[in-house]
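Observations on the three-dimensional arrangement
Letter by letter, the chains look like this.
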Amino acid sequence: MAVVPYKDKNTSKREQVEEMFDSISPKYDLLNHLLSAGIDISWRKKAIRLLQPLAPRQILDIATGTGDFAIEALKLNPEKITGVDISEGMLAIGREKIQKLGVADKIELRSGDSERLPFADNVFDAVIVSFGVRNFENLLKGLTDMHRVTRPGGTCLVLEFSKPRQFPFKQFFSFYTNRFLPLIGRLVSKDASAYTYLPESMQAFPDGPDFIRVLEQAGFTQTQWIPLTFGICSIYIGKKV
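Residues numbered from 1 in each chain as written. Predicted model: local features only at pLDDT ≥ 70, side-chain atom pairs only at ≥ 80, totals over all residues. Heavy atoms only, no water.

Let's talk about the packing of helix α6 (residues 139-149) against helix α9 (residues 209-217)
It is at 8 Å that the axes of α6 and α9 come closest, and there the two elements cross at 50 degrees. The angle between α6 and α9 places the two elements in the oblique class. Regarding α6 and α9, the two cross each other, and that crossing is right-handed. On α9, the residues that touch Leu139, Leu140 and Leu143 of α6 are Phe211, Val214, Leu215 and Gln217. For the contact of α6 with α9, the class distribution of residues is six nonpolar, one polar and no charged. (Axes fitted to C-alpha atoms, helices over the stretch in contact; angles between N-to-C directions. Helix = DSSP H or I, 4+ residues; strand = E, 2+ residues; numbered from the N terminus. Parallel < 35°, antiparallel > 145°, perpendicular 65-115°, else oblique. Left-handed = near helix turned anticlockwise from the far one by under 90°. Contact = heavy atoms within 4.5 Å. Nonpolar A, V, L, I, M, F, W, Y, C, P; charged D, E, K, R; others polar.)

In structure tokens:
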């Protein structure tokens, strides 16, 4: 059974995820940085640095949200970054950021389903996603579509929460995500379901070697798993031949 934000509703996971992010979009950036103590910023920076030797010209940022990963990817000096997301609430905030930074000529944010990407085959040098694949309704389908739009020789990079495996970080992280995070999320965002869904979706997500297997099943090769911050977060990389 799929983990969904609103258990009292009969709508699909995709529809519920869209509703959830529309609901929390005004407080999303604040909560992200607050709940991670700002470490999420360093995670994004490290992930983008790993792409520097590849010098991608066309980048697709999937589940772009408010555009933080797309903005960080400007450091790669690409020709263009395209961000897609199902939440218009998140995209609206992202577009405001991009306008204020004066980079609208470099970054375009579009409404789009991450599992049915509105792009032709073999278009992007790099397909990236931060904290988004966990929300896919069908993980393999989403990764397979990411593979489709990546050009031969291109790279897929996924940044996602993972579960620490060693004492005491495993126990601390479990307490933090299951007790503290939902409380703060509820107080700040007023959407209790959103920050109950977060630890539930993290627990259900096939991280580490399990995710690598799905990435390879989707067609990617030369895969890598890079744990960060005691395994709280991970970077996954795959190549398209």
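Moving on from the model shown.
Here we look at helix α5 (residues 88-101)
Residues lying three or four places apart along an α-helix face the same way, a consequence of the helix completing one turn every 3.6 residues. An ideal rise of 1.5 Å per residue puts 20 Å on 14 residues; α5 measures up with 20 Å between its terminal C-alpha atoms. Of all the residues in α5, the buried ones are Met90, Leu91, Gly94, Lys97 and Ile98. Considered in projection along α5, the buried side chains sweep an arc of 120 degrees and stay on one side of the axis. Exposed and facing more than 90 degrees away from the buried side of α5 are Gln99 and Lys100. Just past α5, the residue Gly102 takes up positive phi, approximately 70 degrees. (Expected span 1.5 Å × (residues − 1). Buried < 20%, exposed > 50% of the residue type's maximum accessible area, 1.4 Å probe, protein only. Arc of directions from axis to C-beta.)

Considering α9
Turning to α9, its buried residues number three or more, namely Phe211, Ile212, Val214 and Leu215. One side of α9 holds all its buried residues, which, seen down the axis, span an arc of 160 degrees. Where the residues of α9 are buried, they touch α6, β5 (150-161), β6 (221-228) and β7 (233-239). Of the residues flanking the end of α9, it is Gly219, one or two places downstream, whose phi is positive at about 120 degrees.

So, the pairing of β7
Of all seven residues in β7, seven are buried, a share of seventy percent or more. The side-chain alternation of β7 yields two buried faces, one formed by Cys233, Ile235, Ile237 and Lys239 and the other by Ser234, Tyr236 and Gly238. With seven bridges connecting them, β5 and β7 associate as antiparallel partners. Note on β7: the bridge partner recorded for Phe161 is Cys233. Counting the residues in the hairpin turn of β6 and β7 gives four residues, including Thr229, whose phi is positive at 50 degrees. (Pairing = 2+ DSSP bridges.)

Observations concerning the UniProt feature "binding site: S-adenosyl-L-methionine" (unreviewed entry) in the protein chain
Mapped onto this structure's residue numbering, the UniProt feature "binding site: S-adenosyl-L-methionine" (unreviewed entry) falls at Thr66, Asp85, Asp113, Ser114 and Ser130. The topology assignment puts Ser114 in the loop between β3 (107-111) and β4 (124-130). Setting aside residues no more than four positions away along its own chain, Ser114 makes contact with Ile62, Ala63, Phe136 and Gly142. Mapped onto the fold, Ser130 is located in strand β4. Judged by its relative accessible area of 9%, Ser130 is buried. With residues near it in sequence (within four places) discarded, Ser130 still touches Arg44, Ile62, Ala63, Phe69 and Leu159. (UniProt positions renumbered as here; feature names shortened; annotations may be inferred.)

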